[in-house]
Amino acid sequence: MRSVIRIVALAAALAAALPAAGKDSLKVGALLAITGPASFLGAPEARTLALLAEEMNAKGGIGGRRLELVVKDTGGSPEKAVSLARQLIEEEEVFAIIGPTTSGETLAVKPIAEEGRTLLISLAAAEVIVNPVTPHVFKTAPKDRDAVELIFERMRKVGITRIGLLSSNTGFGKAGKEQAEKLAPSYGIELALSEVYDKAATDLTAEVTKLKAARVQAILNWSTEPAQAIVLKNARQMGMTVPIFQSHGFANVQYVAAAGAAAEGVIFPGSRLLVVDSLPASHPQKGVLEAYKKAYEARYREEVSAFGGHAWDALMILARAVEVGGADRDRVRSAVEGLTGFVGTSGVFRFSPADHNGLGRDAFELLTVRQGRFVPLGP
Amino acid sequence: MTLELFLQYLLAGLTYGSIYAVVAIGFNIVYSASGVINFAQGEFVMLGGMIAGSMARLLPLPLAVAVAVAATAAVGALVELVFVRWLVRPTVLRLVVITIGVAILLREAALSIWGEGVRSLPYFTGDELSAFSLWGVRVSPQVLWVLGTTVATVALLRLFFGHTMLGWEMRACANNRDSAALCGIPTRRLLTLSFALAAAIGALAGCVVSPIAYTSYSVGGSLAVKGFTVAILGGLGNSSGALAAGLVLGVLESLSVSLWPTAYKDVVALTVLLGILSFRPSGLFGSREASRLGEAG
Amino acid sequence: MRAGPRVRVAVLAAAVAALQLALSGAGKGFYLTQLTMAAYDTLAALGLSLLMGYGGQISLGQAGFFAIGGYTSARLTTLDLGPPSGSGLARALAALHLASFRPDFAGGELLSVAPLAALAAALLLGAAVAVAIGVPVLRLRGHSLAMATLAFGVIVSSVVVGTEALGAADGLHGVPPLALGPFLRVGGGPSHRVENYYLAWGLVVVTASLLENLVHSRAGRALRALHGSEDAAGAMGIDAAALKRKTFVLAAVLATAAGAFTAHLDGGIGPAEVSAMRSVRYVALVAVGGMGNLWGTLAASAVLCFLSLRGTFGVHDDAVFGGILVLSMLFAPEGILHADLGALAARLRGREAG
């Protein structure tokens, strides 16, 4: 059972388990929205970190030192994130921080991380986290812009010129909306409608009716929340047969289950984590993805989601950088910037001093749903 | 707006409105019997859907729903026994505070048990795509289940309160507790029963709407607020009024989407609530008496 | 002020200072930041304590006022009024201290509303809204009042999350520090920790003593009479409606101030901080501290907010506050300091017997 208590117990046990002296262990903090409105993102992230930390320690830790993970639940609140960030940096004196989960929290914590000269690897999506680039802040979530462009390219290919955009009232939804509105004209696409719905909505028939009234040729639905499945159900039930495109926030098979038959044929740019079985053996990511998927599903008895993958990437990147840079914070920071060709679950990372995200268009692949499963879309 | 579109909005509004109405009826039952507004009513709806969701993997659907309803009724009774009855000098302030606390505890318990994931029951008939045409509008069969359940609930309750001994006893209790006690009516037990009944009705609503929406640990809060809005709008204690008010609110919300940005949809219900409380607390159909809340507290 | 309260205020002030010296001396200065955040929540809780304890009214909408304070301050101080060397209007505003400069990303300077002016605007707005909604809402009682205030709070938070100009889901960032004088400032990072701490707790001390004064004055006695029975109080010539409104506005202004200061302290504000749960937490703090018991509420708020901000309750943060609501109503309705354990034990025994 995906009990939230278990995650924290696990993480706490990890954190509190008998260490050797503090010297021998590497303390890494994590600020995650395990409960609260962003728990769909934060809870899988916490589970992933707990799992990975355990695995790493079983193999001797990071750079020869035991990994001590200090996980704090921010509840999705920037205020709490600020308080806990200060606590992690000044009191716990963590070497680095993974997280926060949401863009709002990351933006609040960003100045604190810089001031404390502590490496911060965020799991949130907003462009402004790494643009403008600041020395200590990185992110492992792919760029919204790339996702939007991939979708628009497909739309242009099949001749869609008039769409309706529905986005959820979260940071993720807002960021996607901005990118879509900005990029649509250059693909010859008209945004007939751009509406925001509540992330906790349980019925969106009225919103979808508005789309029907606008006679759109396709629907673009941008959200990481379960409510996106409602859009699918409502649209299909209403007899709307137009293609529906989703964001990479759809990357959780639970949402497909929630939408049932209505999810059939939905197109979205997704992480290859979701279709690892159909990847050719030669694909660089295959090994990493299979390992993560197997471990996660065995431990937690639920399907992997791309959100947890961001956390996996963050900790693995940190570990790699520590192997290169040792115990010195500045050297590790530079090491992250120097990582090119790091194979993660979200894609192949190519960091640089000017690019603290490292992911490009190839982080995504256009996927679709067939008979309740994710499959690559193909040409 | 074409007729077809208008009907589409209307139907959407009626569907959700009827859910709000059922939640409101739950409020009414408890209020009538005890003068208590149970802020945890929304959580009963959530529990119904969650328990049924878990049971549906082991039992056939009708049985799963039955188990969920019964289990939630038990929870409702427990809530009354542990939290309301034990209260020393139950002033209105204390009752409000404690039922809010109970709502939070129920929600957090659901989070611990079921996690943050969402679940839906399978459609009672058909699936996500099946629909039939009604005046040119496509309607899911589940919508008929929702509307039908609401109407059936209201009808059965009228029968219960109007024509059965137990129902009369509960009404007597509501009217004047002390006199009822003097007549030998077991008022305390009836109070517990009223909570259980309200919980059962909420759970049923949660089950029947779960296929077209979804259930997760946090859906209770906003349902409680909207349900309460409808209860006040229809006049506290007036179940037919609640039905009418629920449909009105649902349709209002739905039509508001066609007029201004959907981001403000929830503000509609809240503004209605604030407005009605400020200017006509007895609701559209209620009596002056019903508006005297918290007097005896 | 009578001797008792005066002593209590002095003790509080002394404790505040002692704590700071102890923590800074022991090298644990980082606790001060969280204590400072807790202090602003305490301001809001004190106002609510007065309202619930003496006015006998419940408000589930304090987070709405917190939002008004925080967002007004944040929005005004992050506005871009144009380049500093620009129009005469800009220069005039700057001369009047209504506008000030803050650094922008590119290293230049932006003109926006001066933090002090923004604070004044926030407080005025909060008071105005409180007066406006107070008129219809305060005629209600009990559940209706609770729901009406809840509706108000949720409307504010819905509007805030739905409006682009207020940052929508991301909230507002880059809020500059608020300087109240050469040595007093809100915000500014760890180097200004001690200043922030004394300013915040200084405000709490002042507020507590002002409220104590109020409670023991004629107005306070009238309030208590109101709580006892509105009709009786009215029969004695107390203008119940006006008194209720004033208390409501006072509580609202305190919550507005808490929001404004917190926005400057954190350098930003977001919709997750102004949800209904925040209002419920304030109610929990007042419930466990004792409604109307200012010192109880102060202590409860300082301790619980501090612990919550440190993540002591882990993932069960909300559950803890829910539990506090329930347990305090069941076992210590007068507040934890007045818990009548003897009577409680008697009741338990009575239950088992009968």
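Residues numbered from 1 in each chain as written. Chains lettered and ligands numbered in written order. Predicted model: local features only at pLDDT ≥ 70, side-chain atom pairs only at ≥ 80, totals over all residues.

Caption draft 1: Local environment of the pairing of strand E2 (residues 66-73) of chain A. Within E2 of chain A, seven of the eight residues are buried, which leaves the element mostly enclosed by the surrounding structure. Taken together, strand E1 (residues 25-32) of chain A, helix H2 (residues 39-58) of chain A and E2 of chain A form a β-α-β motif whose crossover is right-handed. (Buried ≥ 20, exposed ≤ 12 C-beta atoms within 10 Å, placed from the backbone. Helix = DSSP H or I, 4+ residues; strand = E, 2+ residues; numbered from the N terminus. Right-handed = clockwise from strand over helix to strand, strands pointing away.)

Caption draft 2: Representation of the nonpolar core in the model. Judged by nonpolar contacts, the single largest core of 352 residues is most densely connected at Leu 49 and Ala 85 of chain A together with Val 283 and Leu 325 of chain C. Both domains that furnish three or more residues to this core are identified here as domain 1 (4-142 + 287-363) and domain 2 (144-270) of chain A. Setting aside its immediate chain neighbours within four residues, Leu 49 of chain A contacts Ala 30, Leu 69, Val 71, Ile 98, Ala 311 and Leu 315 of chain A. (Core = buried A, V, L, I, M, F, W, Y, C linked by C-beta atoms within 7 Å. Domains from an automatic or database assignment. Contact = placed C-beta atoms within 7 Å.)

Caption draft 3: Examining the interface of chain C and chain B more closely. Taken together, the contacts link 34 residues of chain C with 34 residues of chain B. For the side of chain C that touches chain B, the element with the highest residue contribution is helix H6 (residues 142-162) of chain C, accounting for 14 residues. Along the lines of polarity and charge, the residues of the side of chain C that touches chain B split into 23 nonpolar, nine polar and two charged. (Nonpolar A, V, L, I, M, F, W, Y, C, P; charged D, E, K, R; others polar.)

Caption draft 4: Representation of the sheet that holds strand E3 (residues 96-98) of chain A in the model. Residue and element names in this part refer to chain A. A sheet is described by the order of its strands in space; here five strands give the open sequence E2-E1-E3-E4-E5, paired in parallel fashion. Here the strands that pair on one side only, and so sit at the sheet edges, are E2 and strand E5 (137-139). The average angle at which neighbouring strand axes cross in this sheet is 25°, direction not considered. Where E3 and strand E4 (residues 119-122) come together, three bridges link them in parallel fashion. Bridging across to E4, Ile 97 finds its partner in Leu 120. (Pairing = 2+ DSSP bridges. Axes fitted to C-alpha atoms, helices over the stretch in contact; angles between N-to-C directions.)

Caption draft 5: Spotlight on helix H11 (residues 265-279) of chain B. Helix length check: H11 of chain B, at 15 residues, gives a terminal C-alpha distance of 22 Å against a target of 21 Å (1.5 Å per residue), a fit within 8%. Most of H11 of chain B is tucked away, with eleven of its 15 residues classed as buried. Burial in H11 of chain B covers these residues: Lys 265, Asp 266, Val 267, Val 268, Ala 269, Leu 270, Val 272, Leu 273, Leu 274, Ile 276 and Leu 277 of chain B. Turning to H11 of chain B, the residues buried within the fold contact helix H9 (220-233) and helix H10 (239-259) of chain B together with H6 of chain C. (Expected span 1.5 Å × (residues − 1).)

Caption draft 6: Quick peek at the pairing of strand E7 (residues 190-197) of chain A. Residues and elements named next belong to chain A. Examined bridge by bridge, strand E6 (residues 162-168) and E7 share seven bridges and lie parallel to one another. In the strand pairing of E7, Ser 168 is matched with Tyr 197. Handedness of the crossover joining E6 and E7 through helix H6 (residues 171-183): right-handed.

Caption draft 7: Expanded view of the domain arrangement of chain A. All names here are of chain A. Along its sequence, chain A is carved into domain 1 (4-142 + 287-363) and domain 2 (144-270). At the junction of the two partners, domain 1 supplies 16 residues and domain 2 supplies 18 residues. Secondary structure elements with two or more residues in the side of domain 1 that touches domain 2: H2 and helix H4 (103-115). Its residues assigned to classes, the side of domain 1 that touches domain 2 comprises eight nonpolar, five polar and three charged.

Caption draft 8: The arrangement of the packing of helix H6 (residues 165-175) of chain B against helix H8 (residues 187-209) of chain B in detail. Residue and element names in this part refer to chain B. One can describe the packing of H6 onto H8 by two numbers: an axis separation of 10 Å at closest approach and a directional angle of 105°. In terms of orientation, H6 lies roughly perpendicular with respect to H8. Listed contacts from H8 to Glu 169, Met 170 and Cys 173 of H6 are Thr 187, Leu 190 and Ser 194. The class makeup of the residues in the contact of H6 with H8 is three nonpolar, two polar and one charged. (Parallel < 35°, antiparallel > 145°, perpendicular 65-115°, else oblique.)

Caption draft 9: Structural detail: the packing of helix H11 (residues 276-289) of chain C against helix H12 (residues 294-309) of chain C. Residue and element names in this part refer to chain C. Following both chains from N to C, one finds H11 and H12 inclined at 125°, their axes separated by 7 Å at the closest point. As the angle between them shows, H11 and H12 are arranged oblique. Every pair of crossing elements has a handedness; the one defined by H11 and H12 is right-handed. Contact with H11, carried on its side by Leu 285, Val 286, Val 288 and Gly 289, involves Gly 296, Thr 297, Ala 299, Ala 300, Ser 301 and Leu 304 of H12 and no other residues of that element. Partitioned by chemical class, the residues of the contact of H11 with H12 number six nonpolar, four polar and no charged. (Left-handed = near helix turned anticlockwise from the far one by under 90°.)

Caption draft 10: Broad picture of unusual backbone geometry. All names here are of chain A. Here the bond from Gly 99 into Pro 100 is cis, since omega is 0°, no more than 30 degrees from zero. Here Pro 100 shows up in the loop between E3 and H4. In this structure, Arg 117 is a non-glycine residue whose phi angle is positive, near 45°. Looking at the element boundaries, Arg 117 is found in the loop between H4 and E4.

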